[in-house]
Each structure stands twice: as C-alpha cells, then as structure tokens.
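The chain contents come next:
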Amino acid sequence: MIRAMRPKQYLKNVLVFAAPGAAGVLDEPGDLGITIIAFVSFCLAASGIYVWNDIADVEADRVHPTKRNRPFAAGLVSMPVARAMGVVLPLGALALAAATGRWQTVAVVAVYIALTLSYTFWLKEEPIIDLLAVASGFVLRAAAGAVAVDVPMSRWFVLCVTFGSLFIVVGKRYAELNEVGNQAGTRATLETYTPGFLRMLLSVSLGGALISYCVWAFETSALASLTDEGIDLPFYELSIVPMIAALFRYLLVLERGEGSAPEEVFASDRVLQLAGVAWVVIYGVAVYTA
C-alpha cells in the first residue's frame with residue numbers, strides 16, 4: 001500500500017515551498033509550519049490520484065516492462081482496498097489543506113484533485129491536452145504554497161514554473177517513446193506523438209523556461225535593490241547558472257534514452273543534485289541578504 005502511494009514522487013511537491021521561499025518567509029516558524037502542512041496535503045492528494053491512475057491503467061501496466069511491477073498490476077493489493085485508498089487519501093488532503101486556515105489552499109488542492117482525476121479518466125487520452133494537464137499540476141503545487149502563506153507570485157515566476165513543468169512532462173513522454181515505442185499500448189497518446197515532434201516541444205519549453213527564469217531573476221534583483229540596501233552582489237543573476245546546468249543536464253539524460261521516471265533521475269544523478277543544491281544556496285543567499 002505504501003508503494004502504491006508512490007512516496008518517491010513526493011519530490012515533485014517540493015514546489016509548494018517555491019513561492020514562500022522566494023518571498024523569504026520560510027524563516028518564520030508560523031509560515032514554515034503552514035507551508036509544511038500544504039506540502040503534506042499535496043502529498044496525500046497526489047497519492048490518492050496515483051492510486052486511481054494505477055486502478056485505471058492496471059491492464060496497460062501489466063504489459064509495460066517496469067510498470068507491471070506496481071502493486072495493483074502485480075496483484076499485491078486488491079481492487080477494493082485500492083478504491084478505499086483512492087477515497088480516503090484525497091479527503092485527508094482536503095482536511096489537511098483546511099488546517100492552513102485559508103480557504104484558498106483548500107480550493108487549490110480541490111482543483112488539483114479535480115484536474116488530475118479528469119486526466120486519469122479522460123484527458124490523458126487527448127494529445128497535447130495530456131501534457132498541459134500534467135504541467136498544470138505543477139503550477140498548482142506552486143500556487144498552493146503562495147496562497148497558504150498569502151504571498152504574491154510574479155508573472156515571470158508563473159511562466160517559469162509553467163515552461164519548466166512542460167519541459168519535464170514532455171521529456172517524460174519523449175523518454176517513454178524511446179523506451180517502449182508507440183505501439184506498446186502503455187499510453188494512448190504515445191501512438192500519436194513522434195520523436196521529432198516531442199523534440200520540438202522540448203526546445204520550445206526549454207527556451208521558455210530559461211527566458212522566463214532569467215527575466216524573473218533580473219526583475220527580482222531590481223525590486224530588491226529598490227527596497228533594501230543589502231549586499232550589492234548579483235546573487236539573483238548568479239542563480240541562473242545552476243538553473244541552466246540543471247536543465248541542460250536533464251536534456252542530456254533524455255538524449256541518452258533515460259528520463260521516463262524523472263523522480264528517479266533527480267534522486268540518482270549527482271550533477272542534477274549538485275546543481276539543485278547550488279541553486280538553493282545561491283538563491284537563498286540572495287533572498288536573505290537582499
């Protein structure tokens with residue numbers, strides 16, 4: 001049952017901390033506690049959706065080279081227990097979101113649940129729409145952190161998260177297509193996509209993510225210089241370097257034929273981990289010395 005909840009994929013929910021971290025409020029115990037509650041709420045919601053996704057895909061998973069080992073596809077968890085998990089986990093997520101004391105957090109989690117359930121039972125069979133639906137889930141994670149502690153999100157921040165999410169999602173499809181082909185029956189939209197088309201989408205989303213992040217970094221730096229007289233060093237601008245390194249490294253991973261499980265790539269690739277740590281350190285210094 002724990003494996004079916006996919007705790008390895010909770011790494012995606014770290015995006016909940018993005019807006020509060022960028023606003024510099026995570027050093028306040030109250031805001032940090034609320035953000036953690038929002039994070040756990042999204043973990044429960046995501047687990048509930050993974051359960052329903054595996055229930056819906058159980059037959060397709062059984063013919064996939066790796067997904068056939070998932071608990072439902074392998075017959076390790078019965079369908080009645082799986083459906084009970086699919087009900088309890090999202091309800092627990094909504095209850096926990098309410099503990100933040102803001103109805104906006106509950107609304108964002110509810111929209112996420114509705115969107116991802118729609119994806120599970122319908123949208124995942126619609127080419128392009130399936131990519132946008134999954135990417136929207138990442139944007140909602142970032143929005144949950146912002147509304148939980150009531151901090152604004154820059155337009156460029158939203159664009160950066162949007163394009164970055166598309167890059168990861170398209171990369172996952174690209175890796176799956178290279179791994180199993182478009183006739184394996186593991187995912188309906190793979191029969192429509194081609195490697196060339198997905199490469200074009202990777203280029204567009206990567207370019208959008210880089211440009212929007214650069215503009216966001218320069219915009220944030222300019223605002224910080226107007227409102228405070230901190231250390232006059234370009235930390236916001238320097239944070240662009242590890243961001244570029246991480247995106248380019250992941251692109252290299254995709255070209256090597258890997259990346260169908262992004263969370264496993266991030267958990268095992270040392271260069272990606274170093275780039276992530278470098279970004280956190282540089283951006284953290286920028287926020288707390290500005």
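The structure we're discussing is the one just above.
Here the structure is a predicted model, which is why all the values come from computation and not from measurement.

Draft legend 1. View of the pattern of salt bridges. Overall, the coordinates contain eight salt bridges when judged by the stated rule. In this structure, Arg 70 engages Asp 54 in a salt bridge whose closest nitrogen and oxygen atoms are separated by 3.1 Å. Placement of the pair is Arg 70 in the loop between helix H3 (58-61) and helix H4 (79-98) and Asp 54 in helix H2 (residues 29-56), with a sequence separation of 16 residues. One network of salt bridges, in which partners are shared, links Asp 130, Lys 172, Arg 173 and Glu 176.

Draft legend 2. Just helix H6 (residues 129-149), in detail. Across its 21 residues, H6 extends 31 Å between first and last C-alpha, which sits within 8% of the 30 Å expected from 1.5 Å per residue. Along H6, 15 of the 21 residues are buried, which leaves the element largely enclosed by surrounding structure. Remark: Asp 150 follows H6 within two positions and exhibits a positive phi of approximately 60°.

Draft legend 3. Highlighting the environment of Tyr 174. Looking at where Tyr 174 falls in the secondary structure, it is placed in helix H7 (residues 155-180). The residues touching Tyr 174, leaving out its near neighbours within four places in the chain, are Pro 195, Leu 198, Arg 199, Leu 202, Leu 254 and Glu 255. A polar side-chain atom of Tyr 174 sits 3.3 Å from a polar atom in the side chain of Glu 255.

Draft legend 4. Looking closely at the packing of helix H10 (residues 240-255) against helix H12 (residues 270-289). Contact geometry of H10 with H12 gives a least axis separation of 8 Å together with a crossing angle of 160°. Our classification of the angle between H10 and H12 gives roughly antiparallel. Here the hand of the crossing between H10 and H12 comes out left-handed. Contact residues: H10 offers Pro 242, Met 243, Ala 245, Ala 246, Arg 249 and Tyr 250, while H12 offers Val 271, Leu 272, Ala 275, Ala 278, Trp 279 and Ile 282. Across the contact of H10 with H12, the residue classes tally to eleven nonpolar, no polar and one charged.

Draft legend 5. Spotlight on the nonpolar core. Judged by nonpolar contacts, the single largest core of 31 residues is most densely connected at Phe 42, Phe 72, Val 109 and Tyr 112. Elements supplying a minimum of two residues to this core: H2, H4, helix H5 (103-121) and H6. With eleven residues, the top contributor of residues to this core is H2. Apart from residues lying up to four places away in sequence, Val 109 is in contact with Ser 41, Phe 42, Ala 45, Ala 93, Leu 94 and Ala 97. If you look at the next biggest cluster of nonpolar residues, it comprises 25 residues, including Ala 135, Val 169, Tyr 174 and Val 265.

Conventions adopted
Residues numbered from 1 in each chain as written. Predicted model: local features only at pLDDT ≥ 70, side-chain atom pairs only at ≥ 80, totals over all residues. Heavy atoms only, no water. Salt bridge = Lys/Arg side-chain N within 4 Å of Asp/Glu carboxyl O. Helix = DSSP H or I, 4+ residues; strand = E, 2+ residues; numbered from the N terminus. Expected span 1.5 Å × (residues − 1). Buried < 20%, exposed > 50% of the residue type's maximum accessible area, 1.4 Å probe, protein only. Contact = heavy atoms within 4.5 Å. Polar contact = N/O pair within 3.5 Å; in protein donor to acceptor, adjacent residues only side chain to side chain. Axes fitted to C-alpha atoms, helices over the stretch in contact; angles between N-to-C directions. Parallel < 35°, antiparallel > 145°, perpendicular 65-115°, else oblique. Left-handed = near helix turned anticlockwise from the far one by under 90°. Nonpolar A, V, L, I, M, F, W, Y, C, P; charged D, E, K, R; others polar. Core = buried A, V, L, I, M, F, W, Y, C linked by side-chain atoms within 4.5 Å.

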